[in-house]
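So the chains spell out like this:
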Amino acid sequence: MRKPSSRTRAALSLVAAVVLGVAGCDAGGGNAPAPKGTGARTARPAPVWNRSPDSIAAVGDSITRGFDACTVLSDCPEVSWATGSDTQVDSLAVRLLGAAGAAERSWNYAVTGARMADLPAQMDQAAAHTPGLVTVMVGANDACRSSARAMTSVASFRTDFEEALRTLREASPKTQVYVASVPNLKRLWSEGRADPLGKEVWKLGICPSMLSGADDLTSAAVLRRDRVQQRVVEYNKVLKEVCAKDSRCRFDNDAVYDYRFGTDQLSHWDWFHPSRDGQARLAAIAYRTITAANPVA
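Residues numbered from 1 in each chain as written. Predicted model: local features only at pLDDT ≥ 70, side-chain atom pairs only at ≥ 80, totals over all residues. Heavy atoms only, no water.

A word on the overall build of the protein chain. Assigned secondary structure in the protein chain consists of twelve helices and five strands. For the protein chain, the residues scored as buried account for 47% of the 297 residues in total. Contacts spanning at least 24 positions in sequence make up 72% of the contacts within the protein chain whose residues lie at least 6 apart. With an accessible surface of roughly 15300 Å², the protein chain has 54% of that area assigned to carbon and sulfur atoms. (Helix = DSSP H or I, 4+ residues; strand = E, 2+ residues; numbered from the N terminus. Buried < 20%, exposed > 50% of the residue type's maximum accessible area, 1.4 Å probe, protein only. Contact = heavy atoms within 4.5 Å. Areas by Shrake-Rupley, 256 points an atom, 1.4 Å probe, with all protein chains shown as cover.)

Right, here's the structure in full:
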């Protein structure tokens, strides 16, 4: 084979240099920054929270169904804090979409008696509309069981909530989520027990883990209520942590839990569910959280 001329060797050296440069390799075999126009990946900015979503779907339990707010032992979705039409409540949907928009572009898939384990199926229904926002309020029934021992475990609560968000994301990746904290059940006990009729109604079996034996102040009863209250705190910690992992999710930072409600905010049918006034307060908390320029810290 003939030895290449000096001119040929120079040409080959130039070609090799060009090839190495395009490949982004340096002489030592390391990785140099990819040049412009080579399809290099750049970090995408986090999605901007839309403070004016154009449609709303609600999931959760009896609170979002307006149970016992209008008549005894009945749902009253027209006073729902999330999607209701009642002017006294001024629901989240009406505040964000207007009365006509709320009637056309809001859906309520909450179910009275639902627990966190029921949320994935509800979320699947909500996701079918590809809503701009889904509201979540659930967890009270996980703590309100026949006894403190029967409460939903924190691990199961977390697993089911993660599954619910995953269900939504698979069907509707860009839908935003507002998550309300679980209400303060011990405050419910302390406020409602002042009314003799309320205590009689509770004896029918409303939230026994917290409300049974409303006047029982023995150490065992106090310990039982404290266990329920601690479980609610743990549930809210789960809601916050799981929501924080989703860039399109906002937790209310315990605003519902911290709200110092009184008997005017409770249904006088059962001294447990929110009254019309209570529903209006929930709507106001949700609206402030969703329309804030930044997440509540």
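This part covers the pairing of strand β3 (residues 133-137). Sheet faces and side chains relate simply in a regular strand, where the side chains alternate between the two faces. Burial runs high along β3: five of the five residues are buried. In β3, alternate side chains face the same way, and those of Leu 133, Thr 135 and Met 137 on one face and Val 134 and Val 136 on the other are all buried. Bridging between strand β1 (residues 56-60) and β3 involves five bridges; their strand directions are parallel. What sits directly across from Ala 57, in β3, is Val 134. (Pairing = 2+ DSSP bridges.)

When two helices pack together, their arrangement is captured by the angle between the axes and the distance separating the axes. Where helix α6 (residues 154-171) contacts helix α10 (residues 219-244), the two axes come as close as 10 Å, and the packing angle between them is 30°. The angle between α6 and α10 falls in the class roughly parallel. Judged by the twist between their axes, the crossing of α6 over α10 is right-handed. Where α6 abuts α10, its residues Val 154, Phe 157, Arg 158, Phe 161, Glu 162 and Leu 165 lie against Arg 231, Glu 234, Tyr 235, Val 238, Leu 239, Glu 241, Val 242 and Cys 243. Split into classes, the residues belonging to the contact of α6 with α10 amount to nine nonpolar, no polar and five charged. (Axes fitted to C-alpha atoms, helices over the stretch in contact; angles between N-to-C directions. Parallel < 35°, antiparallel > 145°, perpendicular 65-115°, else oblique. Left-handed = near helix turned anticlockwise from the far one by under 90°. Nonpolar A, V, L, I, M, F, W, Y, C, P; charged D, E, K, R; others polar.)

In the predicted model, the protein chain carries a mean pLDDT of 88, and 84% of its residues have values of at least 70. Segment residues 1-40: pLDDT under 50, and eight contacts once partners within four positions in sequence are set aside and those in other chains are kept. (pLDDT = per-residue confidence, 0-100.)

If you walk through the whole model with that rule in mind, you get three disulfides. In this model, Cys 144 is linked to Cys 207 through a disulfide, with the two sulfur atoms separated by 2.0 Å. One quick way to see it: the torsion about the S-S bond of Cys 144 and Cys 207 is about -75°, and its sign makes the bridge left-handed. Of this pair, Cys 144 sits in the loop between α5 (140-143) and α6 while Cys 207 sits in the loop between α8 (196-202) and α9 (208-211), placing them 63 residues apart in sequence. (Disulfide = S-S within 2.5 Å.)

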